[in-house]
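A structural walkthrough
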Amino acid sequence: MLIGNPYTFAILIDPVSLWCGNGGHINGVFHFYIDGEMFPPGLRNATLGGDVFCLEKDNALKTAPENASLFCMPKQDAYFYMLGRMLPEMVSEESEISDDFETDYTYNATTYNMDDDCCFVFAVRNGGQLRILGAKVCRQDYNEKNDCFEWVKIPAPEIKEVFIDVLVAGDVVDNVIDYYWKIKNNT
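Read on for an overview of the structure. (Residues numbered from 1 in each chain as written. Predicted model: local features only at pLDDT ≥ 70, side-chain atom pairs only at ≥ 80, totals over all residues. Heavy atoms only, no water.)

A count of helical and extended segments in the chain gives six helices and 10 strands. Relative to the globule expectation of 16 Å for 187 residues, the C-alpha radius of gyration of the chain, 17 Å, shows essentially globular dimensions. In terms of overall dimensions, the chain has a C-alpha envelope of 50 × 50 × 30 Å along the principal axes. With 187 residues in all, the chain has 43% of them scored as buried. Long-range pairs, those at least 24 residues apart, make up 58% of the contacts in the chain with a sequence separation of at least 6. In the form shown here, the chain has an accessible surface area of approximately 10,000 Å², with 50% of it arising from carbon and sulfur atoms. Seen as two clouds, the 14 positive and the 29 negative side-chain charges of the chain have centres 3 Å apart. (Helix = DSSP H or I, 4+ residues; strand = E, 2+ residues; numbered from the N terminus. Rg over C-alpha atoms; globule rule 2.2 N^0.38 Å. Buried < 20%, exposed > 50% of the residue type's maximum accessible area, 1.4 Å probe, protein only. Contact = heavy atoms within 4.5 Å. Areas by Shrake-Rupley, 256 points an atom, 1.4 Å probe, with all protein chains shown as cover. Lys, Arg positive; Asp, Glu negative; His and termini not counted. Charge placed at Lys NZ, Arg CZ, Asp CG, Glu CD.)

Moving on, we come to helix 6 (residues 166-185). Compared with the 28 Å implied by 1.5 Å per residue over 20 residues, the 29 Å span of helix 6 between its first and last C-alpha is a close match. Every buried residue belonging to helix 6 is among Ala169, Gly170, Val172, Val173, Val176, Ile177, Tyr179, Tyr180 and Ile183, and all of these are buried. Among the residues of helix 6, the N-terminal cap falls to aspartate 165, whose side-chain oxygen and the backbone nitrogen of leucine 167 are separated by 2.7 Å. (Expected span 1.5 Å × (residues − 1). Polar contact = N/O pair within 3.5 Å; in protein donor to acceptor, adjacent residues only side chain to side chain.)

What follows deals with the sheet that holds strand 10 (residues 160-165). One open sheet holds the three strands; their spatial order is 6-7-10, and the pairing between them is antiparallel. Here the strands that pair on one side only, and so sit at the sheet edges, are strand 6 (119-126) and strand 10. Between one strand axis and the next, the sheet turns by 20 degrees as a mean value, whatever way the strands run. Relative to strand 10, strand 7 (residues 129-136) runs antiparallel, the two being bridged by six bridges. Bridge pairing links isoleucine 132 to valine 162 in strand 10. Those strands touched by helix 4 (residues 75-86) are strand 6, strand 7 and strand 10, and its axis lies near 110 degrees from that of strand 6. Contacting strand 6, strand 7 and strand 10, helix 6 crosses the sheet at an angle of about 100 degrees to strand 10. (Pairing = 2+ DSSP bridges. Axes fitted to C-alpha atoms, helices over the stretch in contact; angles between N-to-C directions.)

Right, let's get into the packing of helix 1 (residues 48-56) against helix 6. Where helix 1 meets helix 6, the closest approach of the two axes is 10 Å, and the angle between their N-to-C directions is 145 degrees. For the pair helix 1 and helix 6, the sense of crossing is left-handed. Along the contact surface, helix 1 presents Leu48, Gly49, Val52, Leu55 and Glu56, while helix 6 presents Val173, Val176, Ile177, Tyr180 and Trp181. A breakdown of the residues in the contact of helix 1 with helix 6 according to their chemical character gives eight nonpolar, one polar and one charged. (Left-handed = near helix turned anticlockwise from the far one by under 90°. Nonpolar A, V, L, I, M, F, W, Y, C, P; charged D, E, K, R; others polar.)

Here it is, written out as structure tokens:
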């Protein structure tokens, strides 16, 4: 089921019975749409309960703090500021990260399915508006020397963003959670 408007912000959540074992987790597709772009890109097998858990537990789509200066920052600056507070190694060299760094998930809207594909989504609020930013920051490349795939940073990731009403975003999240629990209770 697609909940929301994929040209602004929506969440796709659907179980795929062929991906589910008897009595096990409910697997399926779970993707965000931000400004018409799907995160993560390409279909991925998601454990729906895990992604819904991420929405239920202090997700910035529902609990984004108000920060007018961050809300108004240029897209690149805002995105990398929030990413750096959560995963500084994605924006700095390891030698630049202080030993007393503490991970800050304040603006995090990412779920497990996105995180597993190096896609990160953040949200910040200003009054009744929510700014949602998302990007895929790494990709897997084949390393011939080591004969394996490895994650490589994307030098200039394309950041998608939308500005929507806080209540609209909250309704999308609430409807996704409700839909999941209806599925879960009918299995």
